[in-house]
Amino acid sequence: MDWFTSHLDDVWRLSVIHAYLAGIPLLLGLVVALPLGWLARRFSWAYPPLIIGTGLLYTLPSLAVFILLPGILHTQILDPVNVLVAMTVYTVALLVRTVADGLGAIPDDVRLAANAMGYRPVRRLLGVELPLAVPVISAGLRVAAVSNVSIVSVAAIIGVEQLGSLFTDGFNRDFFAPIVTGIIACGVLSLLFDVVIVVVTRLLTPWTRARAAS
Amino acid sequence: MIRFESVTKEFPDGTVAVDALSLTAPTGKITVLVGPSGCGKTTSLRMINRMIEPTGGRILIDDRDTSTIDAAELRRGIGYVIQHAGLFPHRTILANITTVPLLLGWDKARATSHALELMDRVGLPQSFAKRYPSQLSGGQQQRVGVARALAADPPVMLMDEPFSAVDPIVREQLQDEFLRLQEEIGTTIVFVTHDIDEAIKLGDQVAVLRVGGRLAQLAAPEELLSRPVDDFVADFVGRDRGYRTLGFRTAPFPTSSEPTVRLGASAADARGVTDDPWVLVLDDDDHPVGWVERERLDGTVTRDALHRGGTVASTDGPLRQALDAALSAPSGRGVIVGPDGVFVGTVRARDLIEPIEASAARERAASSADASGDEAGEGAGEGIVVAEPKAL
Ligand SMILES: Nc1ncnc2c1ncn2[C@@H]1O[C@H](COP(=O)(O)OP(=O)(O)O)[C@@H](O)[C@H]1O
Ligand SMILES: [Mg+2]
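Keep in mind the model is a prediction, meaning the values are calculated, not measured.

**Q** Describe the layout of surface pockets, and please don't skip the residues or the numbers.
**A** All names here are of chain B. If you add up the space inside the second largest pocket, you get close to 570 Å³. Taken together, 23 residues line the second largest pocket, and the ones lying closest to its centre are Leu179, Asp197, Ile200, Lys201 and Leu202. For the lining of the second largest pocket, the secondary-structure elements that each account for two or more residues are helix 7 (168–185), helix 8 (196–202) and helix 9 (221–226). Per element, the largest residue contribution to the lining of the second largest pocket is eight residues, and it comes from helix 7. Class assignment of the residues belonging to the lining of the second largest pocket gives a composition of eight nonpolar, four polar and 11 charged.

Okay, here's the thing in structure tokens:
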């Protein structure tokens, strides 16, 4: 506790970096996963390669990715861009299937009605299909958020600072306080992400609660 | 006017869903496509707005070949109602109804005020505007479906079994309202159902399709009942055809005067007007309210004492209604009112037989004149028939 109170500034600084490294890829990953998920749903031949391919990405060991990416991207090993790119890849890996499933869960009646009313594909996607897929996509995002917060900490091993640095620090000094602090801070951060996603989802989906009101 | 010219649909798997279908759906009328499951009704309907493309022949709307019109544009001008309404769950009722007007670029205020007006027309309280579809019953959702289809005032509306999924009482209500609405707005409607009674009730003309997507008969409902062209149509149309045609025939029939009492009269007054065991009761506006049994009366004649079984027929209504009134009256005398609902007299079943026979004879004479007359004459401009001989 003493350690925590005396290092409040450090913990705060690392938390902000951690939130940045885990959160930005969540948004970028969503933006990339949306068209890929749509493709997988739109063309049945595209579904297996996209779903299996992106699924495999998630099995890449994170440490290996952090070490190999600078070579591929021609960046410095300590450049946070490496972490952002890696985390975006993991987010995409988790979300493509979610987006495809979310779009696939839209009732046939609704899609049919949209076509019959003269929707063209893009407008139908944005105006009808995506809004209806929000609950499913949001569930996937919550999983990806927790996963990102956890995987980002591994980057401490290659020296990119964030909450994971507390683990390496504590390990090197055989000192538990920073490790416990890091675990708790990661937990709080995950919880915060979750709350933000849940609140935004609620704002976007008033109709899902209408049943109870009737 | 919608014209099918020898339209065929063969699906890629070789299924011929519609086979050389030719028919015309006249402007402002209800054309019903009816037939057993899988006979190609839905396929025919969806070819009109190009949700399915024909593989042969063409479809014209007001003489424009639909294949030359951009599909999305075409659809925005055609209302479409499906079985489970297919409302957008994430949009309020109001937003559902304004969908097509907004796609067409109407300004929001105009779309909204028009939508509210339509909610009125289809019998939805305006307080529903901000609700979501899941908060409405099936019947209410179907009304929204109809309002949504009509929201941009399309000249044409397609309906695919719109009332099949609601319970029978609501269905009947929706059908009656639908007929009233159609009378007001005069939209050209193609209506699909597998229910022959619904077809006969709603159709200005009815096209019976057989499996394989071939037109078996296209006729006015009455003609379908009285002159089915073959065993398939006769079977499909079902029992009691002769009796059911009476639902379409009107003819003058004689009525007899009937002693009556008013609501609130004393039992003694009621016994005084007649020796018959049953006495007819009128309200202060001379509208019949029911029969009372002379023997059972005491005190005054109240609504509670009325027999509830009898139906009432109108002098200008179909003969079936008059016959039903006679058969359902506890006295055996059917209660007849004028078009204004004012009591005119009563009629016995036996007095209806002669008018019924006479009307049947007139019908037979008219149809044999038709048949022997100018066969090619296109049914007095009603846009009828023309089943194309299938080329071999
Ligand atoms: N996409 C399709 N591919 C192959 N066959 C189809 C397709 N859609 C419908 N059919 C077949 O076409 C026939 C007519 O179908 P449909 O028009 O839906 O009939 P209905 O609406 O009268 O029940 C049926 O035999 C059906 O199985
Ligand atoms: Mg069908």
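**Q** Report on the packing of aromatic side chains, specifying residues and quantitative values.
**A** What the rule picks out here adds up to eight aromatic pairs over all chains. Here the aromatic rings of tyrosine 119 of chain A and phenylalanine 88 of chain B are separated by 6.1 Å at their centres, their planes lie at 80°, and the arrangement is edge-to-face. Of this pair, tyrosine 119 of chain A sits in the loop between helix 6 (108–116) and helix 7 (121–152) while phenylalanine 88 of chain B sits in the loop between strand 6 (78–81) and helix 3 (93–97), placing the two residues on different chains. Taken as a pair, tyrosine 119 of chain A and phenylalanine 88 of chain B share a single burial class, namely buried. Aromatic pair phenylalanine 178 of chain B and phenylalanine 191 of chain B: ring centres 5.7 Å apart, planes at 45°, arrangement tilted. Separated by 13 residues along the polypeptide, phenylalanine 178 of chain B in helix 7 and phenylalanine 191 of chain B in strand 8 (residues 188–193) bring together distant segments of the chain.

**Q** Lay out the confidence of the model for chain B in plain terms, naming residues and giving numbers.
**A** Detailed reading of the predicted coordinates is not advisable wherever pLDDT falls low. Residue and element names in this part refer to chain B. With 94% of its residues at a pLDDT of at least 70, chain B reaches an overall mean of 89. Across residues 374–392, where pLDDT falls below 50, the model places 18 contacts with residues more than four positions away in sequence or in other chains. Interface predicted TM-score (ipTM) for the complex: 0.85; the corresponding pTM is 0.81.

**Q** Outline the interface of chain A and chain B, supporting the account with residue identities and numerical values.
**A** Facing the 22 residues of chain A at the interface are 26 residues of chain B. Taken over both partners, the interface formed by chain A and chain B buries close to 2100 Å², and the fraction arising from carbon and sulfur atoms is 63%. For chain A, the biggest contributors to the area lost against chain B are Ala116, Met117 and Arg120 of chain A; these three give 28% of the whole. Applying the counting criterion to the chain A and chain B interface returns two salt bridges. Of the charged contacts, one joins arginine 120 of chain A and aspartate 70 of chain B as a salt bridge, the two residues approaching to 2.9 Å between their closest N and O atoms. At the boundary of chain A with chain B, the tally comes to seven residue pairs in polar contact (both at pLDDT 80 or more). When grouped by side-chain class, the residues that make up the side of chain A that touches chain B number 14 nonpolar, four polar and four charged.

**Q** Tell me about helix 5 (residues 108–121) of chain B, and name the residues and values.
**A** Residue and element names in this part refer to chain B. Over its 14 residues, helix 5 runs 20 Å from end to end, which matches the ideal 20 Å to within 8%, given 1.5 Å per residue. Within the span of helix 5, buried status applies to Ala111, His114, Ala115, Leu118 and Met119. Down the axis of helix 5, the smallest arc covering the buried residues is 145°, so these residues share one side. Exposed residues lying more than 90 degrees from the buried face of helix 5 are Ala109 and Asp120. The N-terminus of helix 5 is capped by aspartate 107, whose side-chain oxygen sits 3.1 Å from the backbone nitrogen of alanine 109.

**Q** Tell me about the site of ligand 1, and name the residues and values.
**A** Residue and element names in this part refer to chain B. Neighbouring ligand 1 are the residues Phe11, Asp13, Thr15, Ala17, Ser37, Gly38, Cys39, Gly40, Lys41, Thr42 and Thr43. In the environment of ligand 1, an oxygen atom lies 3.0 Å from a nitrogen or oxygen atom belonging to the backbone of glycine 40. Here an oxygen atom of ligand 1 and a backbone polar atom of lysine 41 are 2.9 Å apart.

**Q** Describe the sheet that holds strand 1 (residues 2–10) of chain B, with residues and values.
**A** Residues and elements named next belong to chain B. Ordered in space as 2-1-4-5, the four strands form an open sheet in which the pairing is antiparallel. At either margin of the open sheet sits one strand with a lone partner, and together these are strand 2 (16–25) and strand 5 (64–65). The pairing of strand 1 with strand 4 (residues 56–61) spans five bridges and is antiparallel. Bridged to phenylalanine 4 within strand 4 is isoleucine 59.

**Q** Account for the pairing of strand 13 (residues 288–293) of chain B, with residues named and values stated.
**A** Residue and element names in this part refer to chain B. One ladder, built from five bridges, connects strand 12 (residues 278–282) with strand 13; its direction is antiparallel. The residue of strand 13 that forms the bridge with leucine 280 is tryptophan 291. Taking the residues that link successive antiparallel strands as the turn, the strand 12-strand 13 hairpin has five residues, and the phi of aspartate 286 there is positive, at about 65°.

Conventions and cut-offs
- Residues numbered from 1 in each chain as written.
- Chains lettered and ligands numbered in written order.
- Predicted model: local features only at pLDDT ≥ 70, side-chain atom pairs only at ≥ 80, totals over all residues.
- Heavy atoms only, no water.
- 1 Å grid on protein atoms, 1.4 Å probe; cavity = no way out; pocket = protein on both sides within 12 Å on 5 of 7 lines; lining within 4 Å.
- Points joined across faces, edges and corners; volume = space filled by probe spheres on them.
- Helix = DSSP H or I, 4+ residues; strand = E, 2+ residues; numbered from the N terminus.
- Nonpolar A, V, L, I, M, F, W, Y, C, P; charged D, E, K, R; others polar.
- Phe/Tyr/Trp six-rings, centres within 6.5 Å; stacked < 30°, edge-to-face > 60°.
- Buried < 20%, exposed > 50% of the residue type's maximum accessible area, 1.4 Å probe, protein only.
- pLDDT = per-residue confidence, 0-100.
- Contact = heavy atoms within 4.5 Å.
- Buried area = accessible area lost by both parts, 1.4 Å probe.
- Salt bridge = Lys/Arg side-chain N within 4 Å of Asp/Glu carboxyl O.
- Polar contact = N/O pair within 3.5 Å; in protein donor to acceptor, adjacent residues only side chain to side chain.
- Expected span 1.5 Å × (residues − 1).
- Arc of directions from axis to C-beta.
- Near = heavy atom within 4 Å.
- Pairing = 2+ DSSP bridges.

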